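# Tertiary structure, described
Each chain, letter by letter, is given below.
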Amino acid sequence: MTRGRRHRAGDDRPVHRRTRGAMVEAARQKDEGTGALRVAVLAYPGCFASEVFGVPDLLTMAGHVAGPDAPGCLVSVVSPRRRVTASGGAGLDVRPPREADVLVVPGFELAPDTDLDARLARLAPEIAVIRERAAAGTAVVSLCVGAFLLAAAGLLDGRRATTSWLHAAELARRCPGADVRPEHLVVTDAGVTTTAAFSSMYDFALDLIRRHHGAGVARTTARVALVDDARSSQTPYVDPRLLPQPGREFSQQIMRRLDQNLAERYDLAALAAAFRVSTRTLLRRFGEETGRSPLAHLQASRVRRARHLLEATDRTVAAIAATVGYQDPGTFAALFARHTGHRPHAYRTAFRRTAETAGTAGTAGTVQSRQRSR
């Protein structure tokens, strides 16, 4: 199946960093030739059907925004198999893998009882395609837990990466050579792009549109599609209660101690002494169980507490910073922005819980109304 749409010419500024511009470079080269950016979506059994078509559909909308005289974008759904049945029993029309500028790998359902090793073993043909296309110079993109296929293909070793926050620790455990950044929505490193959870496919698509067609087309496409083009982190969406817990007794004790003493200065030596281990042992065991360091956990917990205080209280930013262990509001604000994509004042404006929304939440149970600033 192939779908095409005429798009506006992209920005011709030189691409200086492949880590940020591999897809733009491919687009620029094609614009100088045929004018079409070739995007292939790799379908496989059980993949999310919506992730197969989410990126192509947003590219199609961008084509309407860019106008009929813009260079084209050709999208195909490919597979090494003759037939593919996606999630929900949806049958997909596929074509054999072919040369492309960008290969998009959708995600799949990853439930707690999923035998991931067996699942990946059954996807050996698709993993081989990913490896071959990357070796040929194709920019490879994974959506959500599609990152596990990239890891199996050996593409994440030595690279920064992300995936759904719910499964980031498992990705870090399976791929210790990767620098997993669970707070990021989209990470591009040396021609390989990984994205966060489900809806982050739109963050990637908007980034591709922005780099290929310019900020104006991306911004208008986001407005037409009602897609948020201003978010930069998945941290505000993390619910620690959903994170997997088994086999993490040691790290759970450390996290509990850190969470109960957010305002205290971080002292690795004292923390190790309290658990009667060396600092090296503590870092190793904690990293094996969680995929990150105790300091990273503490910072995330401090930011999570600060988010709550910004949303639900009238305390000043300086007071909130002190409550979570930072005497310097500037240091706190920089950390907060790195984790959430917003400075504290901007976050409060975007996510502040008003008396009205609090009443609505009490009536509806779990529904919260949040007003975003633009």
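On a predicted model such as this, the values are computed, not experimentally measured, just so you know.

Counting secondary structure elements, the chain contains 16 helices and eleven strands. For the chain, the residues scored as buried account for 46% of the 374 residues in total. Looking at the chain alone, contacts between residues at least 24 apart form 69% of all its contacts between residues at least 6 apart. Summing over all exposed atoms, the chain offers an accessible surface of approximately 17800 Å²; the carbon and sulfur share of this is 50%.

This part is about the nonpolar core. Within the largest apolar cluster, 66 residues are counted, with the highest numbers of intra-cluster contacts made by Ile-130 and Leu-149. Filtering out sequence-adjacent residues up to four positions away, Leu-149 remains in contact with Tyr-44, Val-105, Phe-108, Leu-120, Leu-123, Ile-127 and Ile-130. If you look at the next biggest cluster of nonpolar residues, it comprises 15 residues, including Val-303, Val-317, Phe-332 and Tyr-347.

Assignment of secondary structure puts Arg-119 in helix α3 (residues 116-122). There is no salt bridge for the buried Arg-119, and the closest opposite charge comes from Glu-109, which lies 6.6 Å off by N-O distance. In this structure Arg-119 touches Pro-45, Gly-46, Cys-47, Phe-108 and Glu-109, once residues within four positions along its chain are discounted.

A word on the confidence of the model for the chain. Within the chain, residue pLDDT values average 82, and 82% of them lie at 70 or more. No element of the chain has a lower mean pLDDT than helix α16 (residues 355-364), which averages 34, and none a higher one than strand β7 (residues 139-142), which averages 97. The model gives residues 1-21 a pLDDT under 50, and that stretch makes 68 contacts with residues more than four places away or in other chains. Per-residue pLDDT stays below 50 along residues 24-33; that stretch engages in 16 contacts with residues further than four places along the chain or on separate chains.

Looking now at the pairing of strand β2 (residues 37-42). Taking burial as the measure, the six residues of β2 include five buried ones, the bulk of the element. Sheet analysis places β2 next to strand β6 (residues 102-105), joined by three bridges and oriented parallel. What sits directly across from Val-41, in β6, is Val-104.

The next subject is helix α14 (residues 329-340). In a regular helix each residue adds 1.5 Å, so twelve residues correspond to 16 Å; α14 covers 16 Å between its end C-alpha atoms and thus fits that length. If you check which residues of α14 are buried, you get Phe-332, Ala-333, Leu-335, Phe-336, His-339 and Thr-340. Buried residues of α14 fall within an arc of 165° about the axis and therefore sit on the same side. Here the buried face of α14 lies against α12 (294-312), α13 (317-323) and α15 (344-351). Here α14 starts with a cap whose side-chain oxygen sits 3.0 Å from the backbone nitrogen of Gly-330, and that cap is Asp-328.

Another aspect to go through is unusual backbone geometry. Phi angles above zero are rare outside glycine, and Leu-226 is one such case at about 55°. As for its position among the elements, Leu-226 is in the loop between α8 (215-225) and α9 (249-259). For Arg-276, which is not glycine, the phi dihedral falls at a positive 60°. Positionally, Arg-276 belongs in the loop between α10 (268-274) and α11 (279-290).

Before going further, it helps to spend a moment on the environment of Val-55. Note on placement: Val-55 falls in helix α2 (residues 49-66). The class of Val-55 is buried, set by a relative accessible area of 0%. Spatially, the C-alpha atoms of Val-55 and Met-201 are 6.5 Å apart, while their sequence positions differ by 146 residues. Not counting chain neighbours up to four residues away, the residues in contact with Val-55 comprise Leu-143, Met-201, Phe-204 and Ala-205.

Pairing is possible between side chains of opposite charge, provided their charged atoms come close. Inspection of every chain in the model, using the stated rule, returns 14 salt bridges. Between Arg-81 and Glu-126 there is a salt bridge, with the nearest N and O atoms lying 2.5 Å from each other. Taken together, the positions of Arg-81 in the loop between β3 (72-78) and β4 (84-85) and Glu-126 in helix α4 (residues 124-135) put the pair 45 residues apart, joining distant regions of the chain. Of the residues examined, Arg-81 reaches a relative accessible area of 27% and is grouped as partly exposed. Since its relative accessible area comes to 0%, Glu-126 is described here as buried. The salt bridge involving Asp-203 is made with Arg-231; its shortest N-O contact spans 2.7 Å. Of this pair, Asp-203 sits in helix α7 (residues 200-213) while Arg-231 sits in the loop between α8 and α9; the two residues are 28 residues apart in sequence, bridging distant segments of the chain. Residue classification places Asp-203 among the buried residues on the basis of a relative accessible area of 11%. Here the salt bridges do not stand alone but share partners, grouping Asp-117, Glu-170, Arg-173 and Arg-174 into one network.

Bringing the pairing of β6 into the picture now. Side-chain alternation along β6 places Val-102 and Val-104 on one buried face and Leu-103 and Val-105 on a second face that is also buried. With four bridges joining them, β6 and β7 adopt parallel strand pairing. Each bridged residue has a counterpart across the sheet, and for Val-104 the counterpart in β7 is Val-141.

On to the packing of aromatic side chains. Considering all chains together, one arrives at six aromatic pairs under this definition. Aromatic pair Tyr-44 and Phe-108: ring centres 6.4 Å apart, planes at 70°, arrangement edge-to-face. Of this pair, Tyr-44 sits in the loop between β2 and α2 while Phe-108 sits in the loop between β6 and α3, and the two are 64 residues apart along the sequence. The class of Tyr-44 is buried, set by a relative accessible area of 0%. For the ring pair Phe-336 and Tyr-347, a centre distance of 5.3 Å and an interplane angle of 85° mean the geometry is edge-to-face. Taken together, the positions of Phe-336 in helix α14 and Tyr-347 in helix α15 put the pair eleven residues apart, joining distant regions of the chain. Relative accessible area serves as the criterion here: at 0%, Phe-336 is assigned to the buried category. Look at Tyr-347 and you get buried, because its relative accessible area is 0%. Linked through ring pairs, Tyr-326, Phe-332, Phe-336 and Tyr-347 together constitute an aromatic cluster. Directly above the aromatic system of Phe-250 lies the positively charged group of Arg-285, at a separation of 3.9 Å from the ring centroid. Note that Arg-302 overlies the ring of Tyr-326, its terminal NZ or CZ placed 4.8 Å from the centroid.

What counts and how
Every chain is numbered independently, its residues counted from 1 as its sequence is written. Two thresholds apply to this predicted model, a pLDDT of at least 70 for residue-level local features and 80 or more for giving and counting side-chain atom pairs, whereas whole-chain, interface and lining totals are computed over all residues. Hydrogens and water molecules were not included; the side-chain quantities draw on all heavy atoms of the structure. A run of DSSP states H or I qualifies as a helix once it reaches four residues; a run of E qualifies as a strand once it reaches two. Both are numbered from the N-terminal end. We call a residue buried when its accessible area falls under 20% of the maximum for its residue type, exposed when it is over 50%, and partly exposed in between, using a 1.4 Å probe and counting protein chains only. Should any heavy atoms of two residues lie within 4.5 Å, those residues are considered in contact. Using a 1.4 Å probe, the Shrake-Rupley method yields the accessible areas, and only the shown protein chains count as cover for residues. Here, nonpolar core means buried Ala, Val, Leu, Ile, Met, Phe, Trp, Tyr and Cys residues that are tied together by side-chain atoms lying within 4.5 Å of each other. Note on charges: Lys and Arg go in the positive column, Asp and Glu in the negative column, and His and the chain ends are not counted at all. Only one rule defines a salt bridge in this text: a Lys or Arg side-chain nitrogen within 4 Å of an Asp or Glu carboxyl oxygen. pLDDT is a residue-level measure of predictor confidence that goes from 0 to 100. Two strands pair if DSSP finds at least two bridges between them. Expected span of a helix, by definition, is 1.5 Å for each gap between consecutive residues, and there is one gap fewer than residues. Each direction from the helix axis to a C-beta atom contributes to the arc, which is the arc of those directions. Two N or O atoms form a polar contact when they lie within 3.5 Å of each other; inside protein one atom must be a possible hydrogen donor and the other a possible acceptor, and for residues adjacent in sequence the pair counts only when both atoms belong to side chains. Each aromatic pair joins two rings of Phe, Tyr and Trp (for Trp, the six-membered one) with centres within 6.5 Å, and gets the label stacked for planes under 30 degrees apart, edge-to-face for over 60, and tilted for any other angle. In this scheme, Lys NZ or Arg CZ marks a charge over a ring once it lies within 6 Å of the ring centre and within 35 degrees of the ring normal.

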